[in-house]
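# Observations on the three-dimensional arrangement
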There are 2 protein chains.
Amino acid sequence: MSSSTITVGFPLYPGCTLLDFAGATQVFAYTPGFEVVWIAATRDPVPTTESVSVMPGATFDDHPPLSILFMPGGGSDGVGAAMLDPAFQGWLKQTAAQAEWVGSVCTGAFILAAAGLFDGCQATTYWSARSVLELFPKVELVPGYPRWHLDEERKRFSGGGISSSIDLALKLVETIAGRDAAQTSQLFVQYAPSPPVHAGDPTEASPELVISVTQSQASFTAGLIAATRQVLACEGSAA
Amino acid sequence: MSSSTITVGFPLYPGCTLLDFAGATQVFAYTPGFEVVWIAATRDPVPTTESVSVMPGATFDDHPPLSILFMPGGGSDGVGAAMLDPAFQGWLKQTAAQAEWVGSVCTGAFILAAAGLFDGCQATTYWSARSVLELFPKVELVPGYPRWHLDEERKRFSGGGISSSIDLALKLVETIAGRDAAQTSQLFVQYAPSPPVHAGDPTEASPELVISVTQSQASFTAGLIAATRQVLACEGSAA
């Protein structure tokens, strides 16, 4: 690792979502000058929402300094726990203060919002969780379903759901290291996407499908609302 | 797991590439009626080409029956070792004979070709490895840089490089479970890709970038050629 290496840290927690961090990991790992580290509370395997597990390469106590702190999203149980865990939130605030860029993809936005790291910022999140993120009074929701949103002055970023992590990571590479670097990484990972179907967000999907998937996510949404209200209630009583 | 669950098995090996299996895993895991299992020689963590590690959920000796055998690609060291490892190749031939669909993404095609599983089939692979795959006399290369290629009669599939695994998995879901299932999974993972740059394959990238990346992959390409020649030499001496 040279002194100019840009280290991207992904905090992992039980119930985080695989492609949220794996997509961005792939882009950064194949960009010259970048390196990736997966970080968790312990070095035990971390189970994801896909019923698979991954290995952290470092813990909250021994990870290298981070240039970019990239928070993945997850299911409501995992995200809610990370929003309400004082140790996780304490590490997050401390580490974010030392990173150059801080941001999230998908429901990772709720974990950063709980830490106040999106206060006064615009942010986006998973398509069906947008209205829940609006419960945070200091977070301004970006309109629509963007793949990424960057606040270059505050050095904050956020992405849409799950697969957005690839586009978001490429945008960060382009912003930080330039267009040539982003194109190099894109060609390495052969990212010329061409989905065989076209229902990737509510602007593409049929209203019936959007309603059906939203209904199937009722407990996910309820879990996010409950955790968000609990965070806001604690803030209210502490103020 | 109901009796009608479609189990997708991803064989992992040291030096496989993360998004090759993580992208497809995400799609299948969020498709109702599908489940995913990561399989390896042992239950030890498997290091990928991104300098991260993942945990197999089963071994070659104890995995459940597979409906779909999905071989990820990797670097030339990992792919070459899997092409030339009699135990890996033996398991692969036996397991493929019992799976309904068998295929690969990226340089995983070389591992299947070494096992003869693409004999008499068309297949595609990572963009810069296409000419090497042509060394297999019984494999017919698909023209261009398709994201996926399915042989519905032989029940074989292959994908382009790395990120192609997402499009390929959606195409398999569409083919096996129907368009509604593919669209449901696509909306769950918010896969409405919109890259900020456009250099994802040699039809999009500048000739200068294609040459530069190809040159940086000289040892990767040489490794694939050497392993392929060794496989073909063994076949020749056995014939």
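For clarity, every value in this text was computed on a predicted model and none was experimentally measured. (Residues numbered from 1 in each chain as written. Chains lettered and ligands numbered in written order. Predicted model: local features only at pLDDT ≥ 70, side-chain atom pairs only at ≥ 80, totals over all residues. Heavy atoms only, no water.)

Summed over all chains, the structure comprises 28 aromatic pairs over all chains. Relative to Phe 88 of chain A, the ring of Phe 60 of chain A has its centre 5.4 Å away and its plane inclined at 90°; by these criteria the two rings are edge-to-face. Residue Phe 60 of chain A is located in the loop between β5 (58-59) and β6 (68-71), and its partner Phe 88 of chain A is located in helix α3 (residues 86-98); the two are separated by 28 residues in the primary sequence. For the pair Phe 60 of chain A and Phe 88 of chain A, a shared accessibility class is recorded, and that class is buried. Centroid distance Phe 28 of chain B to Phe 34 of chain B: 5.8 Å. Interplanar angle 15°. Geometry classified as stacked. Grouping residues by exposure puts Phe 28 of chain B and Phe 34 of chain B together as buried. Among the aromatic residues, those joined into a cluster by ring pairs are Phe 10, Phe 28, Phe 34, Phe 70 and Phe 157 of chain A. Lying across the ring of Tyr 145 of chain A, Arg 130 of chain A places its NZ or CZ 5.3 Å from the centre. (Phe/Tyr/Trp six-rings, centres within 6.5 Å; stacked < 30°, edge-to-face > 60°. Helix = DSSP H or I, 4+ residues; strand = E, 2+ residues; numbered from the N terminus. Buried < 20%, exposed > 50% of the residue type's maximum accessible area, 1.4 Å probe, protein only. Lys NZ or Arg CZ within 6 Å of the ring centre and 35° of its normal.)

This model, assessed by the stated rule, comprises 0 disulfides over all chains. The thiol of Cys 121 of chain A is not disulfide-bonded; the next cysteine sulfur, from Cys 106 of chain A, is found 19 Å away. In this structure Cys 16 of chain B is a free cysteine whose sulfur lies 11 Å from that of Cys 106 of chain B, the closest cysteine sulfur available. (Disulfide = S-S within 2.5 Å.)

What follows covers the relation of the copies chain B and chain A. Of the transformation superimposing chain B on chain A, the axial component is 0.0 Å and the angular component is 180°, with the fit at an RMSD of 0.0 Å. Here the symmetry operator amounts to a two-fold rotation axis. Minimal C-alpha distance to the rotation axis in chain B is attained by Val 54 of chain B, lying at 2.1 Å. Looking at chain B, 100% of its interface residues are interface residues in chain A too, so the copies touch through the same face. (Least-squares fit on C-alpha atoms with pLDDT ≥ 70 in both. Contact = heavy atoms within 4.5 Å.)

This part is about the environment of Pro 45 of chain A. For Pro 45 of chain A, the location among the structural elements is in the loop between β2 (34-40) and β3 (46-47). The class of Pro 45 of chain A is partly exposed, set by a relative accessible area of 38%. Considering only alpha carbons, one finds Pro 45 of chain A and Thr 7 of chain A, 38 residues apart in sequence, at a separation of 22 Å. For Pro 45 of chain A, the residues in contact, after removing those within four places along its chain, are Ser 53, Val 54, Met 55 and Pro 56 of chain A together with Met 55 of chain B.

What follows concerns the sheet that holds strand β11 (residues 156-159) of chain A. Residue and element names in this part refer to chain A. In space, the 7 strands of this open sheet follow the order β5-β2-β1-β6-β7-β11-β10, with mixed pairing throughout. Sheet topology places β5 and β10 (148-151) at the edges, where each strand pairs with a single neighbour. Both β10 and β11 contribute to a ladder of 4 bridges, which runs antiparallel. Opposite Trp 148, over in β11, you have Gly 159 as the bridge partner. (Pairing = 2+ DSSP bridges.)

Moving on, we come to the environment of Met 71 of chain A. Residues and elements named next belong to chain A. Looking at where Met 71 falls in the secondary structure, it is placed in strand β6. Using a relative accessible area of 0% as the deciding quantity, one classes Met 71 as buried. Ignoring anything within four residues of it in the chain, the contact list for Met 71 reads Pro 11, Tyr 13, Phe 88, Leu 92, Gly 103, Ser 104, Val 105, Gly 108, Ile 111 and Leu 112.

This part takes up the packing of helix α1 (residues 18-29) of chain A against helix α1 (residues 18-29) of chain B. Two elements in contact, α1 of chain A and α1 of chain B, have axes separated by 9 Å at closest approach and are oriented at 150°. Between α1 of chain A and α1 of chain B, the crossing angle belongs to the class labelled roughly antiparallel. Considering how the two elements wind past one another, α1 of chain A and α1 of chain B form a crossing that is left-handed. On α1 of chain B, the residues that touch Leu 18, Leu 19, Ala 22, Gly 23, Thr 25 and Gln 26 of chain A of α1 of chain A are Leu 18, Leu 19, Ala 22, Gly 23, Thr 25 and Gln 26 of chain B. Its residues placed into classes, the contact of α1 of chain A with α1 of chain B shows 6 nonpolar, 6 polar and no charged. (Axes fitted to C-alpha atoms, helices over the stretch in contact; angles between N-to-C directions. Parallel < 35°, antiparallel > 145°, perpendicular 65-115°, else oblique. Left-handed = near helix turned anticlockwise from the far one by under 90°. Nonpolar A, V, L, I, M, F, W, Y, C, P; charged D, E, K, R; others polar.)

Glancing now at the sheet that holds strand β10 (residues 148-151) of chain B. All names here are of chain B. One open sheet accounts for 7 strands, arranged β5-β2-β1-β6-β7-β11-β10; its pairing is mixed. The open sheet has two edge strands with one neighbour each: β5 (58-59) and β10. Where strand β6 (residues 68-71) meets strand β7 (residues 101-105), 4 bridges bridge the pair, whose relative direction is parallel. Counted as the bridge partner of Leu 69 is Val 102 from β7.

Note on soluble globular proteins: their nonpolar side chains tend to be buried together. Counting 172 residues, the largest nonpolar core has Phe 28 of chain A together with Phe 28 of chain B as the members making the most contacts within it. Among all residues touching Phe 28 of chain B, those that are not within four sequence positions of it are Val 8, Phe 10, Phe 34, Val 36, Ile 68, Phe 70, Ala 169, Leu 172 and Val 173 of chain B. (Core = buried A, V, L, I, M, F, W, Y, C linked by side-chain atoms within 4.5 Å.)

A few words on the side chain of Ser 185 of chain A. Residues and elements named next belong to chain A. With respect to the helices, strands and loops of the structure, Ser 185 is situated in helix α7 (residues 179-188). Within the structure, the side chain of Ser 185 is placed 3.2 Å from the side chain of Thr 31, a separation counted as a polar contact. Apart from the residues lying within four places of it in its own chain, the contact partners of Ser 185 are Val 27, Tyr 30, Thr 31 and Leu 170. (Polar contact = N/O pair within 3.5 Å; in protein donor to acceptor, adjacent residues only side chain to side chain.)

Turning next to the side chain of Ser 128 of chain A. In this structure, Ser 128 of chain A sits in the loop between β8 (121-123) and α5 (130-133). The residues contacting Ser 128 of chain A, other than those within four sequence positions of it, are Gln 217 and Phe 220 of chain A.

The subject of this paragraph is the interface of chain B and chain A. The interface of chain B with chain A comprises 62 residues on the first partner and 62 residues on the second. The tally of links from chain B across to chain A stands at 0 salt bridges. In this structure, the connection of chain B to chain A is made through 38 residue pairs in polar contact (both at pLDDT 80 or more). Among the secondary structure elements, those contributing two or more residues to the side of chain B that touches chain A are α1, β2 (34-40), β4 (53-55), α6 (164-177), α7 (179-188) and α8 (207-216) of chain B. Residues of the side of chain B that touches chain A, tallied by class, amount to 34 nonpolar, 20 polar and 8 charged. (Salt bridge = Lys/Arg side-chain N within 4 Å of Asp/Glu carboxyl O.)

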